[in-house]
Structure formats: structure tokens, C-alpha cells
Amino acid sequence: MPPDSPSRSSPQTDASSWRSHLLLAGAALALLAGVGLLSSDSGEDARPDEATRANAPADPRPSRKGTTGQSAPQTMGDAPRAPRFDTTVCWRELERFNEAVTLDTFREWAAPLLASGDPLVRSYLKERLSELIGNDADRALQVMDWAREAQGKSFGVFMMALRDSEAIHLPQVSAKLLDIGLDDSIEPGRRAGILSALDTQKQLEPAALDRLATFAKNPASGEAGWAATRTIARVMKRDSKQNGDISAYMDKLLTISVESPDEQIRYLGQMMPMHVAPILDEESTARYARILSTEGNEDGRDAAAHLLSMSKDKQQVLELFTKTFETDTSECVRWALFRFSARVAGKAALPVMANMALIDSRFQPLHHDFEQLYASGTLDFVRVWNNLPEQDPFHCLDRHD
């Protein structure tokens, strides 16, 4: 059963107290990484080597832990304890970083911390940079310029910080980000990251939506076209909760679904509307019917059956499912047509489902299950679905349902 569907919360308590907890938690995780119980995504040791330590930017102020930067001995009663994590330089530097860094010094200070290869450090740097950007357009544009030339992991830190900042919603910032993302002089993978940073927009203006869709259909768009399609769909989901009208987004996604020569981009455009469960109007019904009958990828035809089950014209869809079941030999597509017939017409779909079971005998036990559930008085499709003894008889649902 397809799910209908992290929000980043900002602590309202004192920021320095929150970061202290983060540093302690990070130190513990870094220690586990050091003994092989937790590995970083880069496969590198979480602790920087001596060269990294020697090249770390000088702290402009004395360390609160002493001039050497080492943790001061702690005591519990009269028993002294050894300094904690004094070899885990990245976390000690993070605490100093948190107190003294500015936007102008961020890249210099962040370089040795990024060299640690620790994803926890990158996550911290991303959040700290996002705070430094705030709601300032000039700062956001400055970080955007950094990202264009960034190397290695720093690109991801810069883009994610920008994506999560308040400034990303300022018109001049989002417009500039779109311009850069559509700049064909930039490497495709980097363009994909830039366009993905737009997916937190509250809405897309018609001109921006049109530019993203036109780019996604371009045969040369590649992974950046895939990212553009996903951005359209994610903003659609957010905007649907605010305004309810998703017709402009649906139009663009359906156009991509039919016109893109890239199968993966087409499929993304075909299936992403499932996350907003749209009620299809006459035009959208006709366009998904075309996908059901012409799409070469069975996953796309499967997604079309799902979405057609939410059409206003239930009789037309039931007739279409009946005809398509006869001609489409994919068992996964047939399973979609069979079960979504029940979604379209409920108990009234049983004769159609019985005919499908005559065409393909594998569906006879499944028809019996539906028949028994309806006879018991269970009518709601979700309840019928949840009470089926077998929901994935052909192992089709791991793809998107």
C-alpha cells in the first residue's frame, strides 16, 4: 500500500547550551568511530592527522581550557581524571569554532574540520553556517559564490546550509540559485545539488516552474534534470498544504512524464504525485491514461494505475483498467490494475476483478480474498487492503508502494 506521506526544529533554549550538548554527544560518537564501532561515510578515520592539526587556523582568543588547547584535568572528590578526547582534535576545535567563527572566517576555520572526514562534523558545520547566513540575502549570495568553486565535501556543506537558511526564501536568492543551477557551464552533478537546494521553497512562481520543467525535459539534463523534477514535486507537496491548488505543478510533471527521453526522469514525474494523492480532473485522467497505455517502463504504468484510481471519472477508469488488463502482460501492472479497481469502485468492482481472475488464474485466490472481506462488511479500501492476507503476492511493492 503506498504511503501518503524531517522537519528541522530550532531549539528555543540558549544556543551555547544546545551546542555544548551537541559537542559532548559528538565526542562520544567520534570515540566509537576511533575504535571501529562507528565508521564515517568517507571511510576515513574521524580524527585528523598531525598535518591537519598543525594547519588548523589559530584561535584568535585564548582557549578556555588552557593555552595548549588540551582539556583541563577534571576531579571527582580527590581523584583526578585524565583529559577526555584530547586526541579527538576535531571536536575540541569545534567548540572553539562555535565561539569565534564569523561568515568571513568560516571557510578558513572549517577546512581542517572537514579534513577529518567525519559526517557529524559536516552536519554541525552545515547548521552553524546556516545560522550565520540567517535571513541575509548578501550572505546567502556570498555562500552561493563559494559553492561554485568549492571542492570535495565543502560543496555539500555550503549548499545544505544555504538550503536550510531563512534567506533561501528571499526572491533574489532563490532566483539567483535557479540561474546558477541552469547554467550549462557547471558540471551536471553540481547543478543537481544546486537545484535540489530549491526544494524547500514554499512555492514556485510560474516562470521558475516553467524553466525547471523545460530543463528537465532536455535530453542532456541528466541527473540535474532528475533533481529539477524532484524539486518541482517536493515544492508541490508543500504548496498543496498551503493553497490546495496543484494544477500548475501537475501539468509540468505530466509533461515531463510524457516528453522526457530519460526513463528515470519520466518515472519520477509519473510517480511523485502519489505523495499528494491528487483528485484527477478530466485532462489529467486522459494524460495518465496515455501513460498507462504507452509507457515502456512497467513501473511507470504501475504508477499511472495508482493515480488513475483517484480520478473523478470512476466508470471511465474501471473500463480502462478492464481493457488494459487484457493487453498488458506485466504481472506487476496487472496487480496494480486489479487492486486499484477496488479502490475505484469498491464492492461494485468485484465482477470486473472476477473477469480479470478468469483471464489470469493467479488472481483467483486474490479475488476470493477481496470477496470475503467485502462480504464481512468491510467496505473502506484502506481497511480492505490492511486485512488482506497477502499484500505483495508478486513482489512488486518494494519499488514505490
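First, a word on scope: everything that follows refers to the structure included in this document. (Residues numbered from 1 in each chain as written. Predicted model: local features only at pLDDT ≥ 70, side-chain atom pairs only at ≥ 80, totals over all residues. Heavy atoms only, no water.)

### Overview of the pattern of salt bridges
Phase 1 of the analysis: Counted by the stated rule, this structure contains 16 salt bridges.
Phase 2 of the analysis: Here Asp-183 ties to Arg-148 by a salt bridge, and the two come within 3.1 Å at their closest N and O atoms. Placement of the pair is Asp-183 in the loop between helix H8 (171-181) and helix H9 (188-196) and Arg-148 in helix H6 (residues 137-149), with a sequence separation of 35 residues.
Phase 3 of the analysis: Using a relative accessible area of 21% as the deciding quantity, one classes Asp-183 as partly exposed.
Phase 4 of the analysis: Here Arg-362 and Glu-331 are joined by a salt bridge, their closest N and O atoms 2.7 Å apart. With a gap of 31 residues between them, Arg-362 in the loop between helix H18 (350-359) and helix H19 (364-375) and Glu-331 in helix H17 (residues 331-345) connect regions that are remote in the sequence.
Phase 5 of the analysis: For Arg-362, a relative accessible area of 38% translates into the label partly exposed.
Phase 6 of the analysis: Looking at Glu-331, the relative accessible area reads 30%, which means it is partly exposed.
Phase 7 of the analysis: Among the ionic contacts, a cluster of salt bridges with common partners joins Lys-126, Arg-163, Asp-164, Asp-199 and Arg-234. (Salt bridge = Lys/Arg side-chain N within 4 Å of Asp/Glu carboxyl O. Helix = DSSP H or I, 4+ residues; strand = E, 2+ residues; numbered from the N terminus. Buried < 20%, exposed > 50% of the residue type's maximum accessible area, 1.4 Å probe, protein only.)

### Considering helix H7 (residues 154-164)
Phase 1 of the analysis: Listing the buried residues of H7 in full gives Ser-154, Phe-155, Val-157, Phe-158, Met-159, Ala-161 and Leu-162.
Phase 2 of the analysis: Those residues of H7 that are buried lie in contact with helix H4 (106-114), helix H5 (119-133), H6, H8 and H9. (Contact = heavy atoms within 4.5 Å.)

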